[in-house]
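Read off the chains here:
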Amino acid sequence: MVTEDDVRRLALALPETVEKTMYGTPAFYVRGKWFARVREEGDVLVLPVGSEEEKAGLIAAQPAAFFTTPHYDGYAGVLVRFGAVDAEEMGELLTDAWRLRAPKRLAATFDA
């Protein structure tokens, strides 16, 4: 089971990531753009994904791990339950979200 400390460690390991609060909870930013936020529940993370189709695919494939709420209808963002993913998968999810929000040059240097 992933903890908030695990999320923090994994997110802050990504280049130029900083932690700030968003709506009173920890959030992670790359050059001013958020890419992950711990929700008020404390054991759920909000992540942007590439498209609404990707979001639907994640939810369909692993409904115990991924879900949404009406608040996120029409938005390419998915909710992730900490207890349903391991640290490796969370690291991959955070990295993918970081790539979506990082400037292209920064992402290219990370991927090189």
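Computed from a prediction, not measured in an experiment: that's the story for all the values here.

Thresholds, definitions, all that
- Residues numbered from 1 in each chain as written.
- Predicted model: local features only at pLDDT ≥ 70, side-chain atom pairs only at ≥ 80, totals over all residues.
- Heavy atoms only, no water.
- Phe/Tyr/Trp six-rings, centres within 6.5 Å; stacked < 30°, edge-to-face > 60°.
- Lys NZ or Arg CZ within 6 Å of the ring centre and 35° of its normal.
- Helix = DSSP H or I, 4+ residues; strand = E, 2+ residues; numbered from the N terminus.
- Buried < 20%, exposed > 50% of the residue type's maximum accessible area, 1.4 Å probe, protein only.
- Lys, Arg positive; Asp, Glu negative; His and termini not counted.
- Salt bridge = Lys/Arg side-chain N within 4 Å of Asp/Glu carboxyl O.
- Polar contact = N/O pair within 3.5 Å; in protein donor to acceptor, adjacent residues only side chain to side chain.
- Contact = heavy atoms within 4.5 Å.
- Core = buried A, V, L, I, M, F, W, Y, C linked by side-chain atoms within 4.5 Å.

Per the counting criterion, the structure on display carries two aromatic pairs. Taking 6.3 Å as the distance between ring centres and 40° as the angle between the ring planes, the aromatic pair formed by Tyr72 and Tyr75 counts as tilted. Here the basic side chain of Lys20 rests over the ring of Tyr29, its NZ or CZ set 4.8 Å away from the ring centre. Here the guanidinium or amino end of Arg101 rests over the ring plane of Trp34, the centre of that ring lying 4.9 Å away.

Glancing now at the side chain of Lys55. Structurally, the position occupied by Lys55 is in helix H2 (residues 52-61). Of the side chains bearing the opposite charge, Asp73 lies closest to the buried Lys55, which forms no salt bridge; the N-O distance is 5.1 Å. Here the side chain of Lys55 touches Thr68 through a polar contact of 3.3 Å, side chain to side chain. Dropping the residues within four chain positions of it, Lys55 is found in contact with Val49, Thr68, Tyr72, Asp73, Tyr75, Gly77 and Val78.

The subject of this paragraph is the pattern of salt bridges. The final tally for this structure, using the stated rule, is eight salt bridges. With its nearest N and O atoms 3.5 Å apart, the salt bridge here joins Arg99 to Asp96. Placement of both Arg99 and Asp96 in helix H3 (residues 87-101) is noted, with a separation of three residues, approximately one turn of the helix. Through salt bridges with shared partners, one network takes in Glu4, Asp5, Arg8 and Glu19.

Within the secondary structure, Leu14 sits in the loop between helix H1 (4-12) and strand S1 (17-22). With near-sequence residues (within four places) excluded, Leu14 lies in contact with Phe35, Leu94, Thr95, Trp98 and Phe110.

Residues Phe35, Leu45, Leu47, Val80, Met90 and Leu94 are the most contacted members of the largest nonpolar core, which totals 28 residues. Put simply, the parts of the chain that give this core at least two residues each are H1, strand S2 (25-30), strand S3 (33-38), strand S4 (44-48), strand S6 (77-81), H3 and helix H4 (104-111). With five residues, the top contributor of residues to this core is H3. Apart from residues lying up to four places away in sequence, Met90 is in contact with Val2, Val7, Leu10, Leu45, Val80, Phe82 and Val85. Of all hydrophobic cores here, the second largest spans nine residues; its members include Trp34, Val44, Phe67 and Leu79.

Glancing now at unusual backbone geometry. A positive phi angle is found at Glu16, which is not glycine, with a value near 60°. As for its position among the elements, Glu16 is in the loop between H1 and S1. Positive phi values are uncommon outside glycine, yet Tyr23 reaches one of about 55°. Within the secondary structure, Tyr23 is located in the loop between S1 and S2.

Coordinates in, geometry out; function isn't part of it.
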